[in-house]
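Results of the structural survey
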Amino acid sequence: MTEYERYLRTEELLALQKGPTERVCHDELAFQVVHQVEELWMKLALAELDRVPPLLDADRLIEAREIFQRVHVLMGLMGDQMRVLEAMSPRAYFTVRTALGRGSGQESPGFNALLACPPPLRASLKAALKRRGVKLLDLHRDPSAHPDLYGLTEAMVDFDEGFQRFRYRHLALVRRIIGGRTPSLKGAPAELLEHGVKQVFFPELWLVREALFRDFVPGPSLDGADDDPGGAH
Ligand code: HEM
């Protein structure tokens, strides 16, 4: 075994997929590889995000921002890699599905851990705003007053949007392969995934845009937009 193989444990890694005689069809390899790679990207994203709250709490905002930027790249890869499965026909997927038991993406450990990650990130952002004595809306009214803090919130928006895009691209793949109303292996129609596409990690960072809009176009309030979006006080 070469050093490369020993270090990367390629023997174990490449044994993690079914062999040619075990596969229910040719495309099962692509199906397994894409899912496994996505789990690895999510593992990496989570390890990165874990480092953010202590950095924010220590006012190391530039480093925290760089982490969000890196995670945003990972979200992009996760969405792009869905395309590998676009080449799989609906017919081939239904054959692969016979091998899945009742397994579902809803059971993805990486995805579920990502869904659980916003609370500490939001709390640390809120504390950072408070330490600076600035409200989110004022930060957006004058981004140049606190460029590091503003840059951080924009990187958080990038990450949030990247995750939404990943979910959208997954939904698009699901529609193309099984259609919107086909019940999933858990019995729910795939269209239910649409709710997930609308979810955001940092609602305050989206609401603040609506609140800012009111500075320029006064008018009837939009739901929630006039609440203090994660303000300092
Ligand atoms: C042929 C391709 C795919 C099909 C037909 C498909 C189908 C589905 C369906 C029908 C659901 C609805 C939930 C349920 O299972 O009951 C779902 C959920 C999910 N799938 Fe896929 N999927 C595919 C590929 C992927 C890939 C490559 C990933 C990689 C991460 C993935 C991750 C997920 C996740 C995380 C969920 C839960 C989403 C949520 O709750 O919003 N899926 N998938």
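Here is a short report on the structure shown in this document. The model shown is predicted, which means the values in this text are computed figures rather than measured ones.

One full turn of an α-helix is made of 3.6 residues, so residues set three or four places apart face in the same direction. Listing the buried residues of helix 7 (residues 90-97) in full gives Ala92, Tyr93, Val96 and Arg97. Mapping the buried residues of helix 7 onto a view down its axis gives an arc of 145 degrees, with all of them on the same face. Structurally, helix 7 contributes buried residues whose contacts are with helix 3 (28-50) and helix 11 (147-178).

What follows deals with the site of the ligand. Around the ligand sit 21 residues, and of these His35, Ser104, Arg167, His170 and Ser184 come closest. The contact in question runs from a nitrogen atom of the ligand to an N or O atom on the side chain of histidine 170, over 2.8 Å. For the ligand, the cavity whose grid points lie within 2 Å of the majority of its atoms is the largest pocket. Secondary-structure elements contributing two or more residues to the shell around the ligand are helix 3 and helix 11. Broken down by class, the residue content of the shell around the ligand amounts to 12 nonpolar, six polar and three charged.

To continue, consider the coordination of the iron atom of the ligand. Here the protein supplies the iron atom of the ligand with just one donor, His170 (NE2), and that contact is 2.1 Å long. In this structure, histidine 170 sits in helix 11.

Of all hydrophobic cores here, the largest spans 54 residues; its most connected members are Phe68, Leu114, Leu152 and Phe159. Element by element, the count of residues in this core is highest for helix 11, at 12 residues. Sequence-distant contacts of leucine 152, defined by excluding residues within four places in its chain, comprise Leu56, Leu61, Ala64, Arg65, Phe68 and Leu125.

On to the packing of helix 7 against helix 11, then. Running from amino to carboxyl end, helix 7 crosses helix 11 at an angle of 95 degrees, the nearest separation of the two axes being 8 Å. As far as their axial angle goes, helix 11 and helix 7 are roughly perpendicular. Only Arg176, Ile177 and Ile178 of helix 11 make contact with helix 7, whose side of the interface consists of Pro90, Tyr93 and Phe94.

By volume, the largest pocket is sized at about 1,200 Å³. For the largest pocket, the lining is made up of 38 residues, of which His35, Ser104, Gly105, Gln106 and His170 are closest to its centre. Secondary-structure elements contributing two or more residues to the lining of the largest pocket are helix 3, helix 7, helix 8 (109-115), helix 11 and helix 12 (193-198). In terms of residue count, helix 11 provides more of the lining of the largest pocket than any other element does, seven residues in total. Looking at the lining of the largest pocket residue by residue, the classes come out as 22 nonpolar, 10 polar and six charged.

Glancing now at helix 5 (residues 61-81). In a regular helix each residue adds 1.5 Å, so 21 residues correspond to 30 Å; helix 5 covers 30 Å between its end C-alpha atoms and thus fits that length. Looking at helix 5, one finds that the buried residues are Leu61, Ala64, Ile67, Phe68, Val71, Leu74, Met75, Met78 and Gly79. Buried residues along helix 5 cover an arc of 140 degrees about the axis, so they all sit on one side. More than 90 degrees from the buried face of helix 5, the exposed residues found are Ile62 and Val73. Its buried side turned inward, helix 5 meets helix 3, helix 4 (52-57), helix 6 (83-86), helix 8, helix 9 (118-132) and helix 11.

Attention now goes to the packing of helix 3 against helix 5. The interhelical angle for the contact between helix 3 and helix 5, taken along N-to-C directions, is 170 degrees, at an axis separation of 10 Å. Overall, the two elements helix 3 and helix 5 adopt an arrangement that is roughly antiparallel. For the pair helix 3 and helix 5, the contacting residues are Val34, Val37, Glu38, Trp41, Met42, Leu44, Ala45, Glu48 and Leu49 in the first and Ile67, Phe68, Arg70, Val71, Leu74, Met75, Leu77, Met78 and Gln81 in the second. A breakdown of the residues in the contact of helix 3 with helix 5 according to their chemical character gives 14 nonpolar, one polar and three charged.

Cut-offs used in this document
- Residues numbered from 1 in each chain as written.
- Predicted model: local features only at pLDDT ≥ 70, side-chain atom pairs only at ≥ 80, totals over all residues.
- Heavy atoms only, no water.
- Buried < 20%, exposed > 50% of the residue type's maximum accessible area, 1.4 Å probe, protein only.
- Helix = DSSP H or I, 4+ residues; strand = E, 2+ residues; numbered from the N terminus.
- Arc of directions from axis to C-beta.
- Contact = heavy atoms within 4.5 Å.
- Near = heavy atom within 4 Å.
- Polar contact = N/O pair within 3.5 Å; in protein donor to acceptor, adjacent residues only side chain to side chain.
- 1 Å grid on protein atoms, 1.4 Å probe; cavity = no way out; pocket = protein on both sides within 12 Å on 5 of 7 lines; lining within 4 Å.
- Sits in = over half its atoms within 2 Å of the grid points.
- Nonpolar A, V, L, I, M, F, W, Y, C, P; charged D, E, K, R; others polar.
- Donors = N, O, S within 2.8 Å, 3.2 Å for Na, K, Ca; no water.
- Core = buried A, V, L, I, M, F, W, Y, C linked by side-chain atoms within 4.5 Å.
- Axes fitted to C-alpha atoms, helices over the stretch in contact; angles between N-to-C directions.
- Parallel < 35°, antiparallel > 145°, perpendicular 65-115°, else oblique.
- Points joined across faces, edges and corners; volume = space filled by probe spheres on them.
- Expected span 1.5 Å × (residues − 1).

So, to be careful, I would describe these as geometric facts and stop short of saying anything about function.
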